[in-house]
Amino acid sequence: MQKITKSAFCKKYDNADELANALNVDSEVIKSTLEDYEKLFNGEGEDTFGKKVFPVAAISANEPIYAAIVTPAIHYTMGGLKIDENAQVLDEQDQPIPGLFAAGEVTGGVHGSNRLAGNSLLECVVFGRIAGVSGNGAARGAPKAEL
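The name recorded for the protein in an unreviewed UniProt entry is FAD_binding_2 domain-containing protein, from Caenorhabditis japonica. What UniProt states about the protein under its Cofactor (unreviewed entry) heading is, verbatim, "FAD".

Written as C-alpha cells, this is what we have:
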C-alpha cells in the first residue's frame, strides 16, 4: 500500500463525520457520495455525468479520508514562443534561432491554436527532454564564442 505523506495542501480526517464537520456539511451527503462511488467502482449502475472509468478503489466512510483544498489558479499561458520538432525556437519567418531552445509554459502552438487541457505537464516532460538533447547537440558542435 502506498504511504500518503503529509503536505500543506492535504489534511487527514479520521472518518466522513470528521470531514463533514470540518466542511460544515451534512455527513450523510459525504457518506452517500462514497457509497455511490463504491457502487460505480464495482460496476453497479451508471454515473450521472457519464464517467466510465473508476481507477481508484472506494473508501469507507469509517476510514481515514485525506482531503485537499483545490483553488483555481493561472498555471499556463496560451501562446508563447513557437518551436519546431527539435524544441528550437523559431523566428517570425519560421526559421530556427541558432542555439535557442524552449519547452513548457513558455512555448505555444504545439497543439494548434489552443492547448489541450491536462497536457501541460506531459508537454513539459516531452519537449524538455527534446530541448535538452537538441541543445546538447548544438552545444557540442558550436564554437564556445557562439554559446
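Chemist: Would you explain the packing of aromatic side chains in this entry?
Modeler: The relative placement of two aromatic rings is captured by the distance of their centres and the angle of their planes. What the rule picks out here adds up to two aromatic pairs. Taken together, a centroid distance of 6.5 Å and an interplanar angle of 20° make the contact between Tyr37 and Phe41 stacked. Taken together, the residues span about one helical turn, with Tyr37 and Phe41 both in helix 2 (residues 27–41) at a distance of four residues. In this structure Phe41 comes out as partly exposed when scored by relative accessible area, which is 33%. An angle of 75° between the planes, with centres 5.6 Å apart, marks the rings of Tyr37 and Phe54 as edge-to-face. One end of the pair, Tyr37, is in helix 2; the other, Phe54, is in the loop between helix 2 and strand 2 (65–68), with 17 residues separating them in the sequence. Judged by its relative accessible area of 23%, Tyr37 falls in the partly exposed class. Look at Phe54 and you get buried, because its relative accessible area is 15%. Each residue in the set Tyr37, Phe41 and Phe54 is aromatic and connected to the rest through ring pairs, giving one cluster.

About the criteria used
Residues numbered from 1 in each chain as written. Predicted model: local features only at pLDDT ≥ 70, side-chain atom pairs only at ≥ 80, totals over all residues. Heavy atoms only, no water. UniProt positions renumbered as here; feature names shortened; annotations may be inferred. Phe/Tyr/Trp six-rings, centres within 6.5 Å; stacked < 30°, edge-to-face > 60°. Helix = DSSP H or I, 4+ residues; strand = E, 2+ residues; numbered from the N terminus. Buried < 20%, exposed > 50% of the residue type's maximum accessible area, 1.4 Å probe, protein only.

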